[in-house]
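Structure at a glance
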Amino acid sequence: MHEVSVIFPLSISGNSYGNYPSTQSLDKASGNNITTKYLNFGSYLYLNTYDICGLNTRFYVTLKRGVSLAMGVQICTADDMSARDPIIVTLEGSNSTNIDLTYGINWNLIYNGNSGLTNDPGRLTCGQTQFFCNSKQYMSYRFLVTRKRALANSVQYSEVRLLGFNF
Ligand SMILES: *[C@@H]1O[C@H](CO)[C@@H](O)[C@H](O)[C@H]1NC(C)=O
Ligand SMILES: *[C@@H]1O[C@H](CO)[C@@H](O)[C@H](O)[C@H]1NC(C)=O
């Protein structure tokens, strides 16, 4: 995989509900630098419950180079707190544009399964690439974390790499 070309984070920087810390923004998950991370609190402080904080946080990317075929995803752990690791993730694809992508219209499920981090590989380490059967090409991809390792105030990862054709 190469650099992610366009990223649209919808949450804003901060230390509360729906926020990411200003130094741990989404671009850190695509810089190919494992020492930096993306962290999102998700519903932190909303229900004040650590079982769901960070879950269902997501991002989407539109590749400038055009349509591509995703066949695998690899996720790398951050520097600390293994409880925040993604354990179950989804990858979806779409050919829609701007506003539909933002509002989550027309995302098609490509993968729903293990992150490759079920057995903790350690900090600052990439998990096993999860390969999947997919023959549909898309312009945009959405990555979502639906389960984390344990109780924590957030979900975090240092890299997400999409593999396939034309990444
Ligand atoms: C990775 O990020 C760290 C922290 O910002 C920085 O010090 C380091 O130079 C970066 N490494 C590369 C290869 O860019
Ligand atoms: C998405 O658009 C590309 C480019 O037009 C096309 O090749 C591909 O088949 C489309 N994907 C789906 C699932 O329709």
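Scroll up to find the structure.
Residues numbered from 1 in each chain as written. Chains lettered and ligands numbered in written order. Predicted model: local features only at pLDDT ≥ 70, side-chain atom pairs only at ≥ 80, totals over all residues. Heavy atoms only, no water.

1. Considerations on the site of ligand 2
Note the cut-off: In these notes, residues near a molecule or strand are those with any non-hydrogen atom within 4 Å of it. Side-chain atoms alone can form a polar contact between residues adjacent in sequence; in general such a contact is a pair of N or O atoms within 3.5 Å, and within protein one must be able to donate a hydrogen while the other accepts it. Working definition of accessibility: Shrake-Rupley area with a 1.4 Å probe, residue cover restricted to the visible protein chains.
In the vicinity of ligand 2, the contacting residues are Val67, Asn95, Lys136, Gln137 and Tyr138. For ligand 2, an oxygen atom lies 2.4 Å from a polar atom in the side chain of asparagine 95. In this structure, a nitrogen atom belonging to ligand 2 sits 2.8 Å away from a main-chain N or O atom of glutamine 137. For ligand 2, the protein covers 46% of the area, taking 360 Å² as the surface of the free molecule.

2. Things to note about the packing of aromatic side chains
Note the cut-off: Here the aromatic set is Phe, Tyr and Trp, taking the six-membered ring for Trp, and pairing holds for ring centres within 6.5 Å; pairs whose planes are under 30 degrees apart are stacked, those over 60 apart are edge-to-face, and all others are tilted. By definition, any uninterrupted DSSP run of H or I lasting at least four residues is a helix, any uninterrupted run of E lasting at least two residues is a strand, and each is numbered from the N terminus. Only protein chains enter the accessibility calculation, which uses a 1.4 Å probe; a residue whose area is less than 20% of its type maximum is buried, one above 50% is exposed, and one in between is partly exposed.
Under the criterion given, the structure shown has 8 aromatic pairs. An angle of 70° between the planes, with centres 5.7 Å apart, marks the rings of tyrosine 38 and tyrosine 157 as edge-to-face. You can see tyrosine 38 sitting in strand 4 (residues 38-40) and its partner tyrosine 157 sitting in strand 11 (residues 155-157), a full 119 residues away along the chain. An angle of 80° between the planes, with centres 5.5 Å apart, marks the rings of phenylalanine 143 and tyrosine 157 as edge-to-face. Taken together, the positions of phenylalanine 143 in strand 10 (residues 140-148) and tyrosine 157 in strand 11 put the pair 14 residues apart, joining distant regions of the chain. Here the two residues phenylalanine 143 and tyrosine 157 agree in accessibility, since each one is buried.

Coordinates in, geometry out; function isn't part of it.
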